[in-house]
Amino acid sequence: ISSTQDGQQGEGSEPPAWHTAVTCVLYFSIGWILYGAVNFITDIPPGAYLAKEIAEKSPRIIEEVGAPLSLSYMWSGNSSENQLVANFPVKGPKGKATLVVRAVRVEEGWKMLILDAVLNDKWLEPVSILNEFEGEGAVEREQKEIVSPTKTN
């Protein structure tokens, strides 16, 4: 162990204990922030899977976008326990679309109030998917049937 005239530790010595503690706290904090950011970005509300499932059965979606659809993690809107107001970009083998979703939670699932699709960025010509399924019971599904492939709550 070498020392200097000022009483400081020289090269080859271990850092003080507080330095190690600060480093550990810093690494832990950065890890926690990264975990939260990834979790936030990759979190897709459960009602979105129901919207995707209904959209995959739409003849117009199948014709222009194809099936199966894959949800993008870059969605916009608001989601809470009881309501979903959001836009979800989806991709299929033939193209892309944006699902415009307005849904509320009912006793044991979600009820779609609005489910429109903007096909291949034609925002002036949205397609109403729910009108294709009127009376078929497709607008209400039990939540337990829709399971997130990445998360289970």
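Residues numbered from 1 in each chain as written. Predicted model: local features only at pLDDT ≥ 70, side-chain atom pairs only at ≥ 80, totals over all residues. Heavy atoms only, no water.

What follows deals with the overall build of the protein chain. From N to C terminus, the protein chain includes 3 helices and 7 strands. The N-to-C order of helical and strand elements in the protein chain reads α-α-α-β-β-β-β-β-β-β. Per-residue burial over the protein chain gives 29% buried out of 153 residues. Carbon and sulfur atoms provide 56% of the accessible area of the protein chain, an area that totals close to 10,400 Å². (Helix = DSSP H or I, 4+ residues; strand = E, 2+ residues; numbered from the N terminus. Buried < 20%, exposed > 50% of the residue type's maximum accessible area, 1.4 Å probe, protein only. Areas by Shrake-Rupley, 256 points an atom, 1.4 Å probe, with all protein chains shown as cover.)

Moving on, we come to the confidence of the model for the protein chain. Residues of the protein chain with pLDDT of at least 70 account for 77%, and the chain-wide mean is 76. The secondary structure element of the protein chain with the lowest average pLDDT is strand β7 (residues 140-142), at 44, and the one with the highest is strand β3 (residues 83-91), at 90. Contacts for the low-pLDDT stretch residues 135-153, under 50 throughout, to residues beyond four places or in other chains number 35 contacts. (pLDDT = per-residue confidence, 0-100. Contact = heavy atoms within 4.5 Å.)

Moving on, we come to the packing of aromatic side chains. Pairs of aromatic rings are described using the distance from one ring centre to the other and the angle between the two planes. Using the criterion set out here, one finds 3 aromatic pairs in the structure. Judged by centre distance (6.3 Å) and plane angle (25 degrees), the rings of Phe28 and Trp32 are stacked. Taken as a pair, Phe28 and Trp32 lie in helix α1 (residues 17-42) at a separation of 4 residues, close to a single helical turn. The two residues Phe28 and Trp32 agree in class, both being exposed. (Phe/Tyr/Trp six-rings, centres within 6.5 Å; stacked < 30°, edge-to-face > 60°.)

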